[in-house]
Amino acid sequence: MHPMLNIAVRAARKAGNLIAKFYETPDAVEASLKGNNDFVTNVDRDAEHLIVEVIRKAYPQHTIISEERGEIVGEDKDVQWIIDPLDGTTNFLKRLPHFSVSIAVRIKGRTEVAVIYDPMRNELFTSTRGQGAQLNGYRLRGSNARDLSGTVLATGFPFKLKQHAPAYINMVGKLFTECADFRRTGSAALDLAYVAAARVDGFFEIGLKPWDFAAGELIVRESGGIITDFIGGHNFYTSGNIIAGNPRVVKALLANVRDELSDALKR
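Keep in mind the model is a prediction, meaning the values are calculated, not measured. (Residues numbered from 1 in each chain as written. Predicted model: local features only at pLDDT ≥ 70, side-chain atom pairs only at ≥ 80, totals over all residues. Heavy atoms only, no water.)

Structural notes on the environment of aspartate 201
Basically, it comes down to this: The numbering of helices and of strands both runs from the N terminus, where a helix is a DSSP run of H or I of at least 4 residues and a strand a run of E of at least 2. Working rule for contacts: check all heavy atoms of both residues, and any pair within 4.5 Å makes them a contact. By the criterion applied in these results, polar contacts are pairs of N or O atoms within 3.5 Å in which, for protein atoms, one can donate a hydrogen and the other can accept it, and in which residues neighboring in sequence qualify only through two side-chain atoms.
Checked against the element boundaries, aspartate 201 lands in the loop between α5 (188–196) and β13 (202–205). When the C-alpha positions of aspartate 201 and leucine 18 are compared, they lie 31 Å apart, and in sequence the two are 183 residues distant. With sequence-adjacent residues up to four places away left out, aspartate 201 is seen in contact with Ser143, Ala145, Gly150, Thr151, Val152, Gly245, Asn246 and Val249. Reaching out from aspartate 201, the side chain makes a polar contact with the side chain of serine 143 at a distance of 2.6 Å. In terms of polar contacts, aspartate 201 uses its side chain to reach the backbone amide nitrogen of valine 152, at 2.8 Å.

Structure follows, in structure tokens:
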């Protein structure tokens, strides 16, 4: 096992155990609003603290970019740990048991190691560049769909960016005539892991942050899938606009959303 993957797994499991414990004691959860429709809890912060602690102990010189603390610059800026301690905070607050811990390691701008951990199902999605993607140690292969016919697509509403609602609704309407059904689960990290596991055939979302998708990006790629922005390029780290699936599904998704994009979504 890649030594950094080992540390990422240890950190994800430790954070996941803490999250699961708080899930059983909802009275101990404190929530506050950090932005428009955007919640944060003491659980996010405590889980993040645990993850940072594990990483810092093993690699004190590395840089860490996290959802709640922002960038913690280390001496070695070439290695970045990108972490989301609790992806799916709203689900967690509503006691809907679908959320995850997401950890990725990027070296010189390339994602090399990825972990997404679902503590409620004890499902650990892992990947090292060039080594494939695994779920609890078993190899993952993405969907073999040849087009959108019969597919189930995952998505997320742009609830923090409601100015994109008209374009998004048009995209959904167009795709719904082509695919079988949609899933909207509330955790982009798990959506991407599910693309890798062929539980869904494709995924698209507007305006995600790097900690939402950094781990999922590698896991999708290593399962045979691809990730692009809404115009088929590689600008998604900047825009946060993501389409994922096998090459045929991505091609079909791009063709369907092309005419519905506002200028802002073409960047």
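Here's the deal with the layout of surface pockets
Stated precisely, the cut-off is as follows: Computed over the protein atoms alone on a 1 Å grid, cavities are sets of points where a 1.4 Å probe fits but cannot get out and pockets are open sets with protein on both sides within 12 Å along at least five of seven lines; a residue lines them when it has an atom within 4 Å of a point. Grid points are joined across faces, edges and corners, and a volume is the space filled by probe spheres set on the points. Put simply, Ala, Val, Leu, Ile, Met, Phe, Trp, Tyr, Cys and Pro go in the nonpolar bin, Asp, Glu, Lys and Arg in the charged bin, and everything else, Gly too, in the polar bin.
Computed from the structure, the largest pocket encloses a volume of approximately 680 Å³. The wall of the largest pocket is formed by 34 residues, among which Asp38, Phe159, Lys160, Glu205 and Asp212 lie closest to the centre. Listing elements by their share of the lining of the largest pocket, those giving two or more residues are β2 (38–41), β5 (76–87), α3 (89–93), β11 (152–156), α5 and α6 (210–222). Along the lines of polarity and charge, the residues of the lining of the largest pocket split into eleven nonpolar, eleven polar and twelve charged.

A closer look at the domain arrangement of the protein
Filter applied, for reference: The split into domains, and so the bounds of each, comes from an automatic or database assignment of domains. Accessible area, probed at 1.4 Å, shrinks when two parts are joined; the buried area is that loss added up over both. Counted as salt bridges are all cases of a side-chain nitrogen of Lys or Arg within 4 Å of a carboxyl oxygen of Asp or Glu.
Under the domain assignment used here, the protein contains domain 1 (3–139) and domain 2 (152–258). Here domain 1 and domain 2 have C-alpha centroids that lie 21 Å from each other. Counting residues at the interface gives 39 residues for domain 1 and 25 residues for domain 2. Note on domain 1 versus domain 2: buried area summed over both sides is about 2,300 Å², and carbon and sulfur give 60% of it. When the area that domain 1 buries against domain 2 is broken down by residue, the three leading residues are His98, Ile116 and Phe125, summing to 22%. Joining domain 1 to domain 2, the criterion identifies two salt bridges. Arginine 106 serves as the salt-bridge partner of glutamate 217, at 3.9 Å between the closest nitrogen and oxygen. Here domain 1 and domain 2 share twelve residue pairs in polar contact (both at pLDDT 80 or more) between them. Looking at the side of domain 1 that touches domain 2, the elements that each hand over two or more residues are β3 (62–66), β5, β6 (100–107), β7 (110–118), β8 (123–128) and β9 (133–135). Element by element, the count of residues in the side of domain 1 that touches domain 2 is highest for β7, at seven residues. Partitioned by chemical class, the residues of the side of domain 1 that touches domain 2 number 13 nonpolar, 15 polar and eleven charged.

Quick look at a nonpolar patch on the surface
We apply this condition: Residues form patches when they are more than 30% accessible in relative terms and have no salt bridge. Like charges link within 9 Å. Nonpolar side chains (Val, Leu, Ile, Met, Phe, Trp, Tyr) link within 5 Å. Note on areas: Shrake-Rupley with a 1.4 Å probe; residue coverage comes only from the protein chains shown.
On the surface, a nonpolar cluster with roughly 260 Å² of combined accessible area is contributed by Leu33, Phe39 and Leu93. Relative to the helices and strands, leucine 33 is located in strand β1 (residues 31–35).

Considerations on the UniProt feature "binding site: Mg(2+)" (unreviewed entry) in the protein
For the record, the criterion: UniProt positions are given in the numbering used here, feature names are shortened, and annotations may be inferred rather than shown by experiment.
UniProt annotation of "binding site: Mg(2+)" (unreviewed entry) refers to Glu67, Asp84, Leu86, Asp87 and Asp212 when read in the numbering used here. The named residues occupy 146 residues along the chain; their greatest pairwise C-alpha distance, 9.7 Å, places them in one compact cluster. In the annotated set above, the residues contributing to the lining of the largest pocket are Glu67, Asp84, Leu86, Asp87 and Asp212. Here leucine 86 shows up in strand β5.

As for the pattern of salt bridges
Using the following cut-off: Categorising residues by exposure relies on relative accessible area from a 1.4 Å probe, with only protein chains included: less than 20% of the type maximum marks a residue as buried, more than 50% marks it as exposed, and the intermediate range marks it as partly exposed.
Tallied over the full model, the rule gives nine salt bridges. Taking the shortest distance from any N to any O, the salt bridge between arginine 121 and aspartate 118 comes out at 2.5 Å. With a relative accessible area of 40%, arginine 121 lands in the partly exposed category. The salt bridge involving glutamate 260 is made with lysine 174; its shortest N-O contact spans 3.9 Å. Highlighted residues: glutamate 260 in the segment after α8 (247–257) and lysine 174 in helix α4 (residues 165–176), separated in sequence by 86 residues. Residue classification places glutamate 260 among the partly exposed residues on the basis of a relative accessible area of 22%. Bridged by salt links that share partners, the residues Arg106, Glu217 and Arg221 form one connected network.

Quick word on the nonpolar core
A general feature of soluble globular proteins is that nonpolar side chains tend to end up buried together. Threshold: Nine residue types can take part in a nonpolar core, namely buried Ala, Val, Leu, Ile, Met, Phe, Trp, Tyr and Cys, and a core is a set of them joined through side-chain atoms within 4.5 Å.
Ile19, Ile51, Trp81, Phe92, Val101 and Ile103 are the most contacted members of the largest nonpolar core, which has 36 residues in total. Looking at this core, the elements that each hand over two or more residues are α1 (3–24), α2 (42–58), β5, β6 and β7. Here this core gets twelve residues from one element, more than from any other, and that element is α1. The contact partners of tryptophan 81, leaving out residues within four places of it in the chain, are Met4, Ile7, Ala8, Ile55, Tyr59, His62, Thr63, Ile64, Ile65, Ile103, Ala104 and Val105. Ranked by size, the runner-up nonpolar core spans 32 residues in total, among them Ala133, Ala193, Phe203 and Ile242.

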